[in-house]
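Architecture at a glance
Chain by chain, the residues:
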Amino acid sequence: MIYVPLCGTRWRVLNLVLTSSRSITLLALPDVSQIQQAGNLHHINAAHLRTRKLCTKTTIGFRQQMDHTIPPKEFKWTPGDLIKENFKLGENGHVCVVLNRKIQVPSHVVKLLWKNAIVRCAVDGGSNHWRDFVLSQGDGKNSSPTKSKGAKDTEADTAPLIAPPDVITGDFDSITEETVEFFKTTPKIHTPDQDATDFTKAINVLLPVMEQRKVQDVVVFNDNSGRLDQLMANLNTLYKVQKDNCKVYLLSGDSITWLLRPGKHTIQIPLDLVTGQRWCSLMPIGAMAHNVTTTGLKWNLYHAQMDFGGMVSTSNTYSTEFVQVETDANLIWSMGAYDFEEKIR
């Protein structure tokens, strides 16, 4: 049955017969101008007769959540485990990924996160930067200062100080021949698809292994300076790979960035970042957030609408050790990670 408005003061039903011999029923709606002229309806406002905009499924879900008829999904984040204390995320560990940018994260943090990783992956040109980092930390081999001259190297002596990647992925348009030779024993997976970035493709390669080992957290060494398009592409990957069993952190020389999905988030901030009044931000990239409420920040939001061209929250800081963010849409959370003294350790 198809409903169409036709002129007239009474409801009429028209039947049309198509060439397929199937009947379509058309329901004629009364003409607005004639309704307004009717004596008993002359006070009706024409604005009330306009087509009503129906609530979308997303809007209905948002209203139910904010009315607490549906409890918001809860998330807990402990970035201190990543940069300050354990250098290990999750009950089953984490994955480390190196992107094609110079590694500016403090070296002691990089080495501990890499050492504690369940799986280690270099992405195309990121393997060049990982090779540079390994060489900058020494010759890549253990050496015993007490070993006598002429003595043969043992297996322990020739073992690398820093483990090589478990896998190198990418379309391999950036990796150098020297790096290929340096990591000649490392498996390499070619991902030629040009409709996705090497970063996105690397996560897709790693996901089956992560599911098998029940690992959810991915730590990505990258740097935010230089090319804006690469920065935006990395943020886009956060959106593309978001799921319950995959949490991706972008770790740079002075910040940590990750995606907050719709729900209620509790972020435990390292105490020295609170007392040092380090910066933090909330960015509504990609779509409007209609309702964002925070606690624990110096400048909190209360049922705020956030979007580009409207409100964004940058250069904020902390009032307490625990920050809560409740949002109905995806938000990018970014926070300062290190003091200058830590960066030069």
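See above for the structure.
Predicted model only: the values in this text are computed from it and were never measured.

Bringing the overall build of the protein chain into the picture now. When helices and strands are tallied, the protein chain shows eleven helices and 18 strands. Put simply, of all contacts in the protein chain between residues at least 6 apart along the chain, 69% involve residues at least 24 apart. A total of about 19,600 Å² of accessible surface is found on the protein chain, and carbon and sulfur atoms cover 53% of it.

Let us now look at the nonpolar core. Membership of the largest hydrophobic core comes to 51 residues, with the highest contact counts inside it found for W130, F221, L251, Y318 and W333. Element by element, the count of residues in this core is highest for helix α4 (residues 107-116), at four residues. Not counting chain neighbours up to four residues away, the residues in contact with W333 comprise I256, T257, W258, L260, I267, I269, C280, S281, L282, L297, Y318 and V323. If you look at the next biggest cluster of nonpolar residues, it comprises 27 residues, including V95, V119, C121 and F199.

Position of D81 among the secondary structure elements: in helix α3 (residues 80-83). With no salt bridge to any partner, buried D81 finds its closest opposite charge in K247, at an N-O distance of 11 Å. Side chain to side chain, D81 and T78 meet in a polar contact 2.8 Å long. The contact partners of D81, leaving out residues within four places of it in the chain, are N86, F87, K88 and L89.

Let us look at unusual backbone geometry. A positive phi angle, close to 45°, is found at D124, a residue other than glycine. One non-glycine residue with positive phi stands out, namely F172, at about 60°. Take F172: it is sitting in the loop between β7 (167-170) and α7 (177-182). Overall, F172 belongs to the partly exposed group, its relative accessible area being 26%.

In space, the ten strands of this open sheet follow the order β8-β7-β6-β5-β9-β10-β11-β18-β13-β16, with mixed pairing throughout. Two strands lie at the open edges of the sheet, namely β8 (188-190) and β16 (313-316), each paired on one side alone. On average, each strand axis in the sheet is inclined to that of its neighbour by 20°, with strand direction left out of account. The pairing of strand β6 (residues 119-123) with β7 spans three bridges and is classified as parallel. Paired with C121 across the strands is V167, a residue of β7. Across the sheet, α4 touches β5 (94-98), β6, β9 (217-221) and β10 (247-251), and the angle it forms with β5 is around 125°.

Take the sheet that holds strand β17 (residues 322-327) next. Within a sheet, neighbouring strands are paired by backbone hydrogen bonds and run either parallel or antiparallel to one another. Read from one edge to the other, the open sheet built from five strands follows the order β4-β12-β17-β14-β15, with strand pairing classed as mixed. For this open sheet the edge positions go to β4 (74-77) and β15 (304-306), each flanked by a neighbour on one side alone. Pairwise comparison of adjacent strand axes, ignoring direction, gives a mean angle of 25° for this sheet. Alignment of strand β14 (residues 289-295) against β17, held across four bridges, turns out to be antiparallel. Within β17, the position partnered with T294 by the bridge is V325.

Procedures and definitions
Residue positions are counted from 1 within each chain, in the order its sequence is given. Local features are withheld for residues below a pLDDT of 70 in this predicted model, meaning they are given only at 70 or higher, and side-chain atom pairs are given and counted only at 80 or more; totals for whole chains, interfaces and linings count all residues. Only hydrogens and water are set aside when side-chain values are computed; all heavy atoms of the structure are taken into account. Starting at the N terminus, helices and strands are each numbered in turn, a helix being any DSSP run of H or I of at least four residues and a strand any DSSP run of E of at least two. Residues count as neighbours in contact if any of their non-hydrogen atoms are within 4.5 Å of one another. To measure how exposed things are, a 1.4 Å probe is used in the Shrake-Rupley method; for residues, cover is taken only from the protein chains shown. To form a nonpolar core, buried Ala, Val, Leu, Ile, Met, Phe, Trp, Tyr and Cys residues must be joined to one another through side-chain atoms within 4.5 Å. For every residue, the accessible area (1.4 Å probe, protein chains only) is compared with the maximum for its type, and the residue is labelled buried under 20%, exposed over 50%, or partly exposed between those bounds. In this charge count, Lys and Arg are treated as positive and Asp and Glu as negative; neither His nor the chain ends contribute. We count a salt bridge whenever a side-chain nitrogen from Lys or Arg sits within 4 Å of a carboxyl oxygen from Asp or Glu. By the criterion applied in these results, polar contacts are pairs of N or O atoms within 3.5 Å in which, for protein atoms, one can donate a hydrogen and the other can accept it, and in which residues neighboring in sequence qualify only through two side-chain atoms. We call two strands paired when DSSP finds no fewer than two bridges between them. To obtain each axis, a line is fitted to C-alpha atoms, and for helices this fit is confined to the stretch in contact; angles are then taken between N-to-C directions over 0 to 180 degrees.

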